[in-house]
Amino acid sequence: MACLSVRLLGALQVTLNEEPATGFVSDKVRALLAYLAMETEQPHRREKLAGLLWPDWPERSARANLRRALANLRQVIGDHQATPPFLHISRQTVQFNQASDAWIDVAAFTDLLQAKAPLLETIRQLERVVELYRGDFLDGFSVADSPVFDEWVLLNREWLRRLVMEALHRLATCHEQVGEYERGLQHAWRQVELDPWREKAHRRLMRLLALSGQRSAALAQYETCRRFLTEELGVEPAAETTGLYEQIRSGKLQALVPYPPSPPDRAASLPPF
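Right, let's walk through the structure included here.

1. With respect to the environment of E180
Thinking step 1. Here E180 shows up in the loop between α6 (147-177) and α7 (181-194).
Thinking step 2. Considered as a pair, E180 and L244 are 64 residues apart in the sequence and their alpha carbons are 20 Å apart.

2. As for the packing of aromatic side chains
Thinking step 1. Overall, the coordinates contain seven aromatic pairs when judged by the stated rule.
Thinking step 2. Relative to Y245, the ring of Y222 has its centre 4.2 Å away and its plane inclined at 25 degrees; by these criteria the two rings are stacked. Here Y245 lies in helix α10 (residues 239-250) and Y222 lies in helix α9 (residues 215-233), a separation of 23 residues in the sequence.
Thinking step 3. On the accessibility criterion, Y222 (8% relative accessible area) is buried.
Thinking step 4. What links up through ring pairs into an aromatic cluster is the set Y35, F137, F141, F149 and W152.

3. Points about the packing of helix α8 (residues 199-211) against α9
Thinking step 1. Interhelical geometry of α8 versus α9 gives an angle of 165 degrees and a closest axis separation of 7 Å. On the basis of their axis angle, the class for α8 and α9 is roughly antiparallel. In this structure, α8 crosses over α9, and the sense of that crossing is left-handed. Counting all contacts with α8, which are made through E199, H202, L205, M206, L209 and A210, the residues of α9 involved are R215, A217, A218, Q221, Y222, C225 and L229.
Thinking step 2. Of the residues in the contact of α8 with α9, the class split is nine nonpolar, two polar and two charged.

4. Considerations on the sheet that holds strand β2 (residues 13-16)
Thinking step 1. Spatial ordering of the open sheet is given by β3-β2-β1-β7, a layout of four strands whose pairing is mixed. Here the strands that pair on one side only, and so sit at the sheet edges, are β3 (19-20) and β7 (102-104).
Thinking step 2. Judged from the two bridges that link them, β2 and β3 form a sheet pairing that is antiparallel. Bridging across to β3, L16 finds its partner in E19.
Thinking step 3. Contacts between helix α4 (residues 105-114) and the sheet are confined to β1 (4-7) and β7, with β7 contributing the most and set at about 65 degrees to the helix.

5. Remarks on the side chain of Q95
Thinking step 1. Note that Q95 resides in strand β6 (residues 93-96).
Thinking step 2. Engagement of the side chain of Q95 in a polar contact is seen with the backbone oxygen of T40, the distance being 3.0 Å.
Thinking step 3. Leave out the neighbours within four places in its chain, and Q95 touches T40, E41, Q42, P43, F86, L87 and H88.

6. With respect to a nonpolar patch on the surface
Thinking step 1. A surface patch of nonpolar side chains, amounting to about 290 Å² of accessible area, comprises W197, L233 and V235.
Thinking step 2. For W197, the location among the structural elements is in the loop between α7 and α8.
Thinking step 3. Assessed through its relative accessible area of 46%, W197 is described here as partly exposed.

Cut-off values and rules
Residues numbered from 1 in each chain as written. Predicted model: local features only at pLDDT ≥ 70, side-chain atom pairs only at ≥ 80, totals over all residues. Heavy atoms only, no water. Helix = DSSP H or I, 4+ residues; strand = E, 2+ residues; numbered from the N terminus. Phe/Tyr/Trp six-rings, centres within 6.5 Å; stacked < 30°, edge-to-face > 60°. Buried < 20%, exposed > 50% of the residue type's maximum accessible area, 1.4 Å probe, protein only. Axes fitted to C-alpha atoms, helices over the stretch in contact; angles between N-to-C directions. Parallel < 35°, antiparallel > 145°, perpendicular 65-115°, else oblique. Left-handed = near helix turned anticlockwise from the far one by under 90°. Contact = heavy atoms within 4.5 Å. Nonpolar A, V, L, I, M, F, W, Y, C, P; charged D, E, K, R; others polar. Pairing = 2+ DSSP bridges. Polar contact = N/O pair within 3.5 Å; in protein donor to acceptor, adjacent residues only side chain to side chain. Patch = residues over 30% accessible without salt bridge, like charges linked within 9 Å, V, L, I, M, F, W, Y side chains within 5 Å. Areas by Shrake-Rupley, 256 points an atom, 1.4 Å probe, with all protein chains shown as cover. Salt bridge = Lys/Arg side-chain N within 4 Å of Asp/Glu carboxyl O.

None of this, on its own, says anything about what the molecule does.
See below:
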């Protein structure tokens, strides 16, 4: 376990040496940590960080606030004692040190999505991805008087939600390919719960219900989807959804062709995101 752990998926959680990090003097200090932990690829100029969190303050006052926030943040995360330190700090810039003994859930989440692996390993990776997604990015967190920061949160929240939705879809597809319908159903249900407007998620759920022997439930899910789309969006289900419903009702639905076993040196794999 890393010395410093920062969880941004779901409610913000920060632990140091496996104990909750305490002593943050304000939400803006927490926001500063969240921003630096998320945007690790480049150093950030101090004036930009000050403007992000104190946009309505005079520049001199905003930069003074940033200095105090940085001092508090370094104290809370034990930056002075860490080797190497968690933060690269200069007179002009601040950057999270990717080489430090820190673990950030978003970085782990995106790394797993980019990894290319054989099918069974892909399933394990995607299982870990959806496990890491405890909830929306910085769920319930906002900063008073900082609309630019809140907009940054919303943009990342939507991006990460799209990624986990696609991961859930791929995972349900993988489980269907290997005939694990019940396990696939767990992820199909979560996909619909996270985004009931996503018609593709309803179709995957209908397929897995039908393939697992729950034909009546699959047909009922179509009615749920149709009613939701009509009442909430004023539209009818797509032709693909209706066609799937007809296949299930007539008993003509066919499972995906099982993924063929492959020799170790030529293992079948799904493409990365």
